[in-house]
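The lines below spell out each chain.
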Amino acid sequence: MSQSPRFRYEEIADFVAGLAGRGTLKPGARAPSLREISTQQRTSLSTAVQAYRLLEDRGILEVRPQSGYYVAKPPPALPVPTTARHSIRPAKVELSGLMLDLLKHASDEAFVPLGCAIPNQRLLSSSRLDLVLARTARVKGSQCNTYSPPHGEMSLRLEIARRALRFGQALAPDDIAITCGCTEALALALDAVTEPGDTVAIESPTYFGLLQVLRAKRLKVVELPTDADTGVAADALREVVASGKVRACVLASSFSNPLGCTMPEENKRAVLRILAEHGVPLIEDDVYGDVHFGEERPLPFSALDTHDNVIYCGSFSKTLAPGYRIGWIATRRHMARVLETKFATSLATPVLTQVALATFLSNGDYDRHLRRVRREFADTLARMTRVIEQSFPPGTKVSRPAGNFVLWVELPEPADTRLLFAQALEKRICFAPGVVFSASGKYAHCLRLSGGHGWDARIEKGLRTLGAMAVRAAGLAGSGKKPVRSG
């Protein structure tokens with residue numbers, strides 16, 4: 001997506017906001033003076049004044065007469081979204097009609113891109129990766145113009161196995177099969193352990209792409225109540241699998257989409273014990289694992305599994321190359337079935353991109369890239385959260401993920417994000433309404449916001465506009481009254 005031209009004062013404002021967002025400038029601390037910032041940034045005093053006025057409008061700086069500019073104290077942090085109880089009765093997957101509208105407008109450059117969770121090309125190492133791809137095509141083009149083995153290219157499987165060792169996964173290359181993105185990996189995993197009509201336990205809310213796969217496989221679901229901090233509770237899972245109706249369970253490893261939750265390690269071990277006791281395999285989705293904001297990557301379920309009961313699914317689509325469509329599935333027990341289905345459906349994954357990506361992984365470029373995008377995503381989510389705290393209606397709740405680049409926002413009822421979605425499209429703003437993250441149309445008062453495009457003035461303006469619309473939706477829905485802000 002092309003970026004709107006930026007003024008110099010906006011760049012300076014973003015620089016100072018970044019200092020505040022990362023904690024370099026603490027709330028209440030004095031900001032650099034106008035003369036200091038103009039000298040440091042090599043700009044005019046009038047440009048510095050414009051930048052600081054913009055930061056005042058954003059609520060990031062406040063001016064104190066005869067004293068200068070100070071970092072404003074943030075508003076009280078909003079609570080995280082609530083956990084709702086769900087029926088444990090299996091149900092068919094009913095997809096919202098909003099899905100097609102979302103997918104249609106999320107890729108339209110005319111809309112503020114808060115919809116689909118796809119990283120912006122500006123944030124990715126596309127130029128370096130393109131050079132590797134071009135070199136691979138030039139040197140090995142004829143060798144790559146063929147079908148790969150069903151497992152995928154050995155060079156890429158070796159690199160994936162080597163990286164997995166860093167976070168506790170002991171994988172052999174033959175335990176790994178390369179897929180066309182994580183969606184195919186999830187589909188192959190479901191084919192390996194279920195039949196049409198079976199029931200699968202899933203997080204709720206969950207990734208809408210998984211719901212599409214489940215519906216295509218004619219599978220029923222049980223939605224598990226999921227905490228925005230700690231994920232699925234072990235006792236809720238035990239109640240569901242004890243019924244004997246569940247044939248498989250699909251959970252995110254860390255930083256789930258859309259909640260952003262990560263299960264504590266002891267909870268993951270408890271989940272593994274429960275599933276192993278009842279003979280229910282776990283399909284693990286770990287597409288966001290590399291986008292962690294802390295020092296260490298959380299251990300996936302498969303690194304803790306002692307029963308060979310986990311089918312691991314990963315991808316480079318959220319971190320590096322969404323257009324390459326390269327994912328992978330890792331399993332020992334079910335690999336024969338996986339390869340059989342892979343051969344019958346997509347036959348093979350393109351060779352050239354696999355070989356190029358293996359080279360990119362082996363030379364250290366990917367690790368350098370990850371360090372940069374983690375900082376970008378963490379900064380973007382912090383800025384988005386600050387605007388939500390300032391602009392959305394009283395009673396709003398927002399997730400606090402320690403990784404990924406999406407936020408789950410719960411508006412006070414009776415706000416309806418289906419109506420808000422239609423109104424936002426008229427303003428050229430796209431987001432994901434909550435109902436698309438449920439198999440049964442729950443979460444009508446919730447929405448997901450993507451920070452995958454980074455932060456700029458257009459994103460901020462769109463988010464503030466959406467907040468004002470949400471205020472009206474929460475205050476006017478069903479009452480005819482104007483919203484009243486408390487406090």
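Now for a quick tour of the structure. Here the structure is a predicted model, which means the values were calculated and not measured.

A separate point is the pattern of salt bridges. Within the structure shown, the criterion is met by 21 salt bridges. For Arg383, the salt bridge goes to Asp379, with nearest N and O atoms at 2.8 Å. Separated by 4 residues within a single helix, Arg383 and Asp379 lie in helix α14 (residues 365-391), roughly one turn from each other. The exposure class assigned to Asp379 is buried, which follows from its relative accessible area of 14%. Across the pair Arg400 and Glu389 runs a salt bridge whose closest N-O atoms are separated by 3.1 Å.

We now examine the state of the cysteines. Taken as a whole, this structure holds 0 disulfides when the rule is applied. Looking at the unpaired Cys180, the closest cysteine sulfur is the one in Cys182, lying at 12 Å. Cys180 gets classed as partly exposed once you look at its relative accessible area, which sits at 27%. For Cys182, a relative accessible area of 9% gives the class buried.

Evaluation of the coordinates by the stated rule reveals 11 aromatic pairs. Pairing Tyr207 with Phe208 gives two aromatic rings, centres 5.4 Å apart and planes at 35 degrees, and the pair type is tilted. On the accessibility criterion, Tyr207 (24% relative accessible area) is partly exposed. With a relative accessible area of 6%, Phe208 lands in the buried category. Ring geometry for Phe316 against Tyr366: centres 5.6 Å apart, planes inclined by 80 degrees, an arrangement best described as edge-to-face. Here Phe316 is found in the loop between β10 (310-315) and β11 (326-330), whereas its partner Tyr366 is found in helix α14, with 50 residues between them in sequence. Judged by its relative accessible area of 0%, Tyr366 is buried. Linked through ring pairs, Tyr207, Phe208, Trp408, Phe437 and Tyr443 together constitute an aromatic cluster. Over the ring of Tyr70 we find Arg64, and its NZ or CZ is 3.9 Å from the ring centre. Over the aromatic face of Phe167 sits the side chain of Arg297, whose NZ or CZ is 3.8 Å from the ring centroid.

What follows covers the nonpolar core. Judged by nonpolar contacts, the single largest core of 63 residues is most densely connected at Leu214, Ile283, Phe316 and Ile329. With 9 residues, the single largest contributor to this core is helix α7 (residues 181-193). Sequence-distant contacts of Ile283, that is, excluding residues within four places in its chain, are made with Leu186, Ala189, Leu190, Val193, Cys249, Val250, Leu251, Ile311 and Cys313.

Along the chain, the position of Ala356 falls in helix α13 (residues 351-362). Residue classification places Ala356 among the buried residues on the basis of a relative accessible area of 0%. Each C-alpha atom of the pair Ala356 and Ala134 lies 8.5 Å from the other, and the pair is 222 residues apart in sequence.

Okay, unusual backbone geometry next. For the bond from Ser204 to Pro205, the omega torsion is 5 degrees, close enough to zero to count as cis. If you trace the backbone, Pro205 turns up in the loop between β5 (199-204) and α8 (208-216). Geometrically, the link from Glu413 to Pro414 is a cis peptide bond, its omega value of 15 degrees lying close to zero. Among the structural elements, Pro414 can be located in the loop between β13 (406-410) and α15 (417-426). Its identity is not glycine, yet Arg42 carries a phi of approximately 55 degrees, on the positive side. A positive phi is found at Phe255, a non-glycine position, where the angle reads about 55 degrees. Note on placement: Phe255 falls in the loop between β8 (246-252) and α10 (265-277). Owing to a relative accessible area of 3%, Phe255 belongs among the buried residues under this scheme.

Here we take up the packing of helix α5 (residues 126-144) against α13. Two numbers describe how α5 lies on α13: the axes approach to 8 Å, and their chain directions differ by 125 degrees. Looking at the two axes, α5 sits oblique to α13. Crossing geometry of α5 relative to α13 is assigned as right-handed. On the side of α5, the interface is formed by Arg128, Leu129, Val132, Leu133, Thr136, Ala137, Lys140 and Cys144, while α13 contributes Val351, Leu352, Thr353, Val355, Ala356, Leu357, Thr359 and Phe360. Residues that form the contact of α5 with α13 fall into these classes: 11 nonpolar, 3 polar and 2 charged.

Within β5, 6 of the 6 residues are buried, which leaves the element mostly enclosed by the surrounding structure. Looking at chain direction, β5 and strand β6 (residues 220-227) are connected through 6 bridges and run parallel. Counterpart to Ser204 in the pairing with β6 is Pro225. What joins β5 to β6 is α8, and the crossover it makes is right-handed. For β5 and β8, the ladder comprises 4 bridges, and the chain directions are parallel. Looking across to β8, one finds that Thr199 is bridged to Val246.

The rules behind these values
Counting restarts for each chain, with residues numbered from 1 along the sequence as it is written. At least 70 in pLDDT is required for a residue's local features to be given in this predicted model, at least 80 for side-chain atom pairs to be given and counted, and no such filter applies to totals for whole chains, interfaces and linings, which use all residues. The basis for the side-chain values is all heavy atoms of the structure; hydrogens and waters are excluded. For this analysis, a salt bridge means a side-chain nitrogen from Lys or Arg found within 4 Å of a carboxyl oxygen belonging to Asp or Glu. Put simply, DSSP H or I for four residues or longer makes a helix, DSSP E for two residues or longer makes a strand, and each gets a number counted from the N terminus. In this scheme, a residue with accessible area under 20% of its type's maximum is buried, one over 50% is exposed, and one in between is partly exposed, where area comes from a 1.4 Å probe on protein chains only. The criterion for a disulfide is a pair of cysteine sulfur atoms lying within 2.5 Å. Centre distance within 6.5 Å is the pairing criterion for rings of Phe, Tyr and Trp, where only the six-membered ring of Trp is used; planes under 30 degrees apart are then read as stacked, over 60 as edge-to-face, and the remainder as tilted. Lysine and arginine charges are scored as sitting over a ring when NZ or CZ, respectively, is within 6 Å of the ring centre and within 35 degrees of the ring normal. Residues belong to a common nonpolar core when they are buried Ala, Val, Leu, Ile, Met, Phe, Trp, Tyr or Cys residues joined through side-chain atoms within 4.5 Å. Residues count as neighbours in contact if any of their non-hydrogen atoms are within 4.5 Å of one another. Axis geometry follows a simple rule: fit a line to the C-alpha atoms, using only the stretch in contact for helices, then measure angles between N-to-C directions, giving values from 0 to 180 degrees. Working definition: roughly parallel below 35 degrees, roughly antiparallel above 145 degrees, roughly perpendicular at 65 to 115 degrees, and oblique for all remaining angles. Each helix crossing is assigned a hand: it is left-handed if the near helix lies turned anticlockwise from the far helix by less than a right angle, otherwise right-handed if that turn is clockwise. Three categories are distinguished: nonpolar for Ala, Val, Leu, Ile, Met, Phe, Trp, Tyr, Cys and Pro, charged for Asp, Glu, Lys and Arg, and polar for the others, with Gly belonging to the last. Paired strands are those between which DSSP finds at least two bridges. For crossovers, right-handed means that the path from the first strand over the helix to the second runs clockwise, given strands pointing away from the viewer.

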